[in-house]
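# Descriptive structure summary
Listed below are the residues making up each chain.
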Amino acid sequence: MKTVHVTISGLVQGVGYRAWTEREAVLRNLSGWVRNRRDGSVEAVFSGEAAVVDDMLQACWTGPYSAMVRAVDARAWTEPVGDRFEVRGTA
C-alpha cells in the first residue's frame, strides 16, 4: 500500500479537474480525496496499491482535456485515509 499527498498546479481550476480526479481514482479503486485550494492549485490524497497510485500520479500530469498542468508534487502521507474517494470543499 502507498499513500501520497499531491499538489497539482497550473490551469487546474474551472476545467473539471476535481471531477476528473474523482472518476480516475474511483476507476483505479483508490481511496482518498481531492479539493481546490484558494491559491489556484488542486490538492489530493491517493491511497492504494503502489503501482496504481504511481499510475494515478502520472495521469495527473494530463488531467481533463482543458487542463494545463505545470507541476505535480507528491509527498508521502501518514494520516488516516477513509475507504472511499471523495471530493472535498475548497481549503
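Structure report, in brief. Keep in mind that what you see is a predicted model, and the values were worked out from it rather than measured.

Here we come to the environment of His 5. Tracing the chain through its elements places His 5 in strand E1 (residues 2–11). Judged by its relative accessible area of 15%, His 5 falls in the buried class. Excluding its chain neighbours within four sequence positions, the residues that come into contact with His 5 are Trp 33, Glu 43, Ala 44, Val 45, Asp 73, Ala 74, Arg 75 and Trp 77. There is a polar contact of 2.6 Å between the side chain of His 5 and the side chain of Glu 43.

Right, let's get into helix H1 (residues 17–27). All of the buried residues in H1 are Tyr 17, Trp 20, Thr 21, Glu 24 and Ala 25. When H1 is viewed along its axis, its buried side chains cluster within an angular range of 125° and face the same direction. When the buried face of H1 is taken as reference, the exposed residues oriented beyond 90 degrees from it are Arg 23, Val 26 and Leu 27. Looking at the buried side of H1, the elements it contacts are E1, strand E2 (31–36), strand E3 (42–48), helix H2 (50–60), strand E4 (68–76) and strand E5 (85–87). Just beyond H1, the residue with positive phi is Asn 29, at close to 60°.

Attention now moves to the pairing of E2. Along E2, six of the six residues are buried, which leaves the element largely enclosed by surrounding structure. With burial as the criterion, each face of E2 is covered, one bearing Ser 31, Trp 33 and Arg 35 and the other bearing Gly 32, Val 34 and Asn 36. Examined bridge by bridge, E2 and E3 share six bridges and lie antiparallel to one another. Bridge pairing in E3 links Gly 32 to Phe 46. As consecutive antiparallel partners, E2 and E3 are separated by five residues, and within that stretch Gly 40 has a phi angle of approximately 95°, a positive value. As defined by bridge partners, E2 adjoins E5 across three bridges and the pair is classed as parallel. Its bridge partner lying in E5, Gly 32 is registered against Phe 85.

Reading the values: rules and limits
- Each chain has its residues counted from 1, running along the sequence as written.
- Two thresholds apply to this predicted model, a pLDDT of at least 70 for residue-level local features and 80 or more for giving and counting side-chain atom pairs, whereas whole-chain, interface and lining totals are computed over all residues.
- Heavy atoms from the whole structure form the basis of all side-chain values; hydrogens and water molecules are not counted.
- Only DSSP runs of H or I reaching four residues or more are called helices, and only runs of E reaching two or more are called strands; each is numbered from the N terminus.
- Note on classification: 1.4 Å probe, protein chains only; a residue is buried when its accessible area is under 20% of the maximum for its type, exposed when over 50%, partly exposed between these limits.
- In this analysis, two residues are considered to be in contact whenever any of their non-hydrogen atoms come within 4.5 Å of each other.
- In the analysis that follows, any N or O atom pair within 3.5 Å is treated as a polar contact, provided that within protein one partner can donate a hydrogen and the other can accept it, and provided that, for residues neighboring in sequence, both atoms belong to side chains.
- In this description, one arc is meant: the one made by directions from the helix axis to the C-beta atoms.
- Two strands qualify as a pair provided that DSSP identifies no fewer than 2 bridges between them.

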